[in-house]
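# A closer look at the structure
In case you want the letters, here they are:
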Amino acid sequence: MKPTIALVLFGFVFITLTFISPAGASVPGFTGLGSLPGGDFNSIAKGVSADGSTVVGWSSSALGWRGEAFRWTSGGGMVGLGGLAGEDFRFRSSVEGVSADGSTVVGQSISATGHEAYIWDAANGMQSLKDMLESNYGLDLTGWWLKEAHGISDDGLTIVGYGCNPSGYDEAWIATLPEPSLEVVIDIKPGGDVNAINLKSKGILPVAIFGDDDLDVSEIDLATLELAGAGPAERGNSGKIGVFKDINGDSILDLLLYFDMEDMIIDEDATELTLLGMLNDGMELAGSDSIRIVPSNGKGGLADLGLLEQPYIPEPATLSLLGFGAIFALRRKRS
Ligand SMILES: [Ca+2]
Ligand SMILES: [Ca+2]
């Protein structure tokens, strides 16, 4: 074999191996994870996140020698997850599963009702799974005792386990959680609180979405936005949707959208409208604001000039749209 060909082949094999090797497998390693403070020195790992950076299990701890669920991260070490409220002398919590990103943990804990399946995440801590399903999602689990959770899907949205059913028999179950959504703050007709809507209007309705620490409005997938069945209207003939600017003066970028009233389907009894959409990463978002349906007074004039008394200076294209809206559509009763 010619040296050049050999070199090319070596390079190909090297690059291929480099790309197919799983992260972390290039350097062999072995690490004892330790034990939670207090109690005996005693720990068991039970699950690991997809990238290997988060390990879950249980360890003897100051809360009890029977064990406390823990979550270990390469950066933060072993941290106890506590337990459900119950009798301290019988304290025990254990782990059966972790989502692929390491953020959600399930297992069971001694509780006031014996022992119960739990779900843990950093935002909510350890919660009774049954309580969470009932209070967060309105599920009716009357008569069920969810004893243990034994698995969670990679996306953290499906949990399985077993419990005592309403007939008194142990039975396997599966719980499915909806995709998480981001609650956003919107302002229909920015600058006013009444948000009067005339259902006969042929104008446009301005709606602001306020950015904050949890929401970078530039990450919103504009094509997914929908208000009362309508997508946001283009700005004139520009082909562009919305105006990105800080509307409320908090130095965080906001998004001003316009909806064509003729595209919207609004019930005449409606008292609020909900804007739905998605971020570019697929997370759903939703935000609501109140409205007040007002009768058409037939004048179709400049009654809603309050719209222009807003604490921001629209761009020329925005101004023409706002003017259009004020002239043809948006009336606001002055009280
Ligand atoms: Ca408003
Ligand atoms: Ca802002």
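Residues numbered from 1 in each chain as written. Chains lettered and ligands numbered in written order. Predicted model: local features only at pLDDT ≥ 70, side-chain atom pairs only at ≥ 80, totals over all residues.

### A few points about the overall build of the chain
Helices and strands together make up the secondary structure of the chain, namely three helices and 21 strands. For the chain, with 335 residues in total, the buried portion stands at 32%. (Helix = DSSP H or I, 4+ residues; strand = E, 2+ residues; numbered from the N terminus. Buried ≥ 20, exposed ≤ 12 C-beta atoms within 10 Å, placed from the backbone.)

### Some thoughts on the sheet that holds strand 20 (residues 284-290)
Taken together, the four strands give an open sheet; going across it, the order is 12-20-19-16, and neighbouring strands pair in mixed fashion. Each of the sheet's edge strands pairs with one partner strand only, and the pair in question is strand 12 (181-183) and strand 16 (220-227). Taking each pair of neighbouring strands and ignoring which way they run, the sheet shows an average axis angle of 25°. As judged from the three bridges shared by strand 12 and strand 20, these two strands associate in the parallel manner. Following the sheet pairing, Glu183 is matched in strand 20 by Ala286. (Pairing = 2+ DSSP bridges. Axes fitted to C-alpha atoms, helices over the stretch in contact; angles between N-to-C directions.)

### Remarks on the environment of Leu84
Checked against the element boundaries, Leu84 lands in the loop between strand 4 (77-80) and strand 5 (93-98). Counting along the chain gives 32 residues from Leu84 to Glu116, while the straight-line C-alpha distance between them is 8.2 Å.

### Quick notes on the pairing of strand 19 (residues 272-279)
When strand 16 meets strand 19, the two strands line up antiparallel, connected through four bridges. Its bridge partner being in strand 19, Leu227 is matched across the sheet by Leu275. The antiparallel hairpin formed by strand 19 and strand 20 contains four residues in its connecting segment, where Gly282 sits at a positive phi of about 95°.

### Observations regarding the confidence of the model for the chain
Detailed reading of predicted coordinates is not advised where the pLDDT is low. Mean pLDDT over the chain: 85, with 81% of residues reaching 70 or higher. For residues 9-22, every residue scores under 50 in pLDDT, and the model assigns this stretch one contact once sequence neighbours within four places are set aside. Of the regions scoring below 50 in pLDDT, residues 298-335 engages in 67 contacts with residues more than four places distant in sequence or in other chains. (pLDDT = per-residue confidence, 0-100. Contact = placed C-beta atoms within 7 Å.)

### Some thoughts on the environment of Gly161
Here Gly161 shows up in strand 10 (residues 158-164). When the C-alpha atoms of Gly161 and Glu148 are compared, they prove to be 5.5 Å apart, with 13 residues separating the residues in sequence.

### Topic: the sheet that holds strand 13 (residues 185-188)
Read from one edge of the open sheet, four strands run 13-15-18-17, paired in antiparallel fashion. The sheet is open, and its two edges are formed by strand 13 and strand 17 (243-245), each paired on a single side. Adjacent strand axes in the sheet meet at a mean angle of 25° when their direction is disregarded. Inspection of the sheet shows strand 15 (residues 204-210) paired to strand 18 (residues 254-260) by six bridges, in the antiparallel sense. If you follow Val207 over to strand 18, its bridge partner there is Leu257.

### Focus: unusual backbone geometry
Positive phi values are uncommon outside glycine, yet Lys189 reaches one of about 55°. Despite not being glycine, Ala228 shows a phi value in the positive range, around 50°. The class for Ala228 is partly exposed, based on 19 C-beta atoms found within 10 Å.

### Considering the pairing of strand 20
When strand 19 meets strand 20, the two strands line up antiparallel, connected through seven bridges. By the bridge assignment, Leu276 is partnered in strand 20 with Ala286.

### What about helix 2 (residues 129-137)?
Turning to helix 2, its buried residues number three or more, namely Leu129, Lys130 and Leu133. The arc enclosing the buried residues of helix 2, seen along the axis, measures out at 110°, which places them on a common side. Residues of helix 2 that are exposed and point over 90 degrees away from its buried face: Ser135 and Asn136. Lining the buried residues of helix 2 we find strand 7 (114-121), strand 8 (125-128), strand 9 (145-152), strand 10 and strand 11 (170-176). (Arc of directions from axis to C-beta.)

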